[in-house]
Amino acid sequence: MKSSVNCLLILIVALFMFGATSCASDAIDDTPSSVSGFITQYFPNVRVKSWTPIADGGHKAVLENSATIVFDKENKWIDIDGEGVTLPEVLIYDQLPPSLYSFLQATEQQRGVYAVTRDNFYYKLRMLDTVLTYTIATEAITYPGVMPEGDKASE
């Protein structure tokens, strides 16, 4: 009797683990191929924890133990937050305008970007203790200095 109870407990635990694993991988199945390709390219071996709609018709992808990415209704990223960890340098190289990346490289900051937001007019990069803004039309870079306390990307 004791061994059958142990077998039953093992079976229940195994079924629970299988069910939890299959549910966790469902979020990537809900994403469009362009989004899943983007996530796979820049955050390899990271699972999508959740894929939820947002007010403007876009979606928010929360990656397990990693970044949060907001996509617009055309499935293009508009916000990538490393959640306290710097973003991959290859993402910064590939996704930022060349002149902005060159500035980061010249100031040795290409490995120090914690979050990036973009729209049709600008890119805003959150560094450890400052915000850098790049104006698309003029290619001007504004580097105002230290961020207000409590707004650090690492928090």
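A short tour of the structure in this document, coming up. Every value quoted in this text rests on a predicted model; they were computed, and no experiment measured them.

Basis of the calculations
Residues numbered from 1 in each chain as written. Predicted model: local features only at pLDDT ≥ 70, side-chain atom pairs only at ≥ 80, totals over all residues. Heavy atoms only, no water. Helix = DSSP H or I, 4+ residues; strand = E, 2+ residues; numbered from the N terminus. Buried < 20%, exposed > 50% of the residue type's maximum accessible area, 1.4 Å probe, protein only. Contact = heavy atoms within 4.5 Å. Areas by Shrake-Rupley, 256 points an atom, 1.4 Å probe, with all protein chains shown as cover. Pairing = 2+ DSSP bridges. Axes fitted to C-alpha atoms, helices over the stretch in contact; angles between N-to-C directions. Arc of directions from axis to C-beta.

**Regarding the overall build of the protein chain**
In terms of helices and strands, the protein chain carries five helices and eight strands. Looking at the protein chain as a whole, 33% of its 155 residues are labelled buried. For the protein chain, the proportion of contacts with a sequence separation of at least 24, taken over those separated by at least 6, is 33%. Carbon and sulfur atoms make up 58% of the accessible area of the protein chain, which amounts to about 9400 Å² in all.

**Quick notes on the sheet that holds strand 5 (residues 115–118)**
What the eight strands build is an open sheet, ordered 1-2-3-4-5-6-7-8; its pairing is antiparallel. The strands lining the two open edges of the sheet, one partner per strand, are strand 1 (48–53) and strand 8 (141–142). Across four bridges, the pairing between strand 2 (residues 59–63) and strand 3 (residues 68–71) is antiparallel. In the sheet register, Val62 faces strand 3, and the bridge partner there is Thr68. Each of strand 1, strand 2, strand 3 and strand 4 (77–81) touches helix 3 (residues 33–42); the most contacted strand, strand 3, lies at about 150° to it.

**Re helix 5 (residues 98–106)**
Of all the positions in helix 5, only Leu100, Tyr101 and Leu104 are classed as buried. Projected down its long axis, helix 5 carries its buried residues within an arc of 100°, all on one side. For helix 5, exposure combined with an orientation more than 90 degrees from the buried face picks out Pro98 and Ala106. In this structure, the buried side of helix 5 is in contact with helix 4 (89–95), strand 6 (122–126), strand 7 (131–135) and strand 8. After helix 5 finishes, the residue Glu108 shows a positive phi value of roughly 55°.

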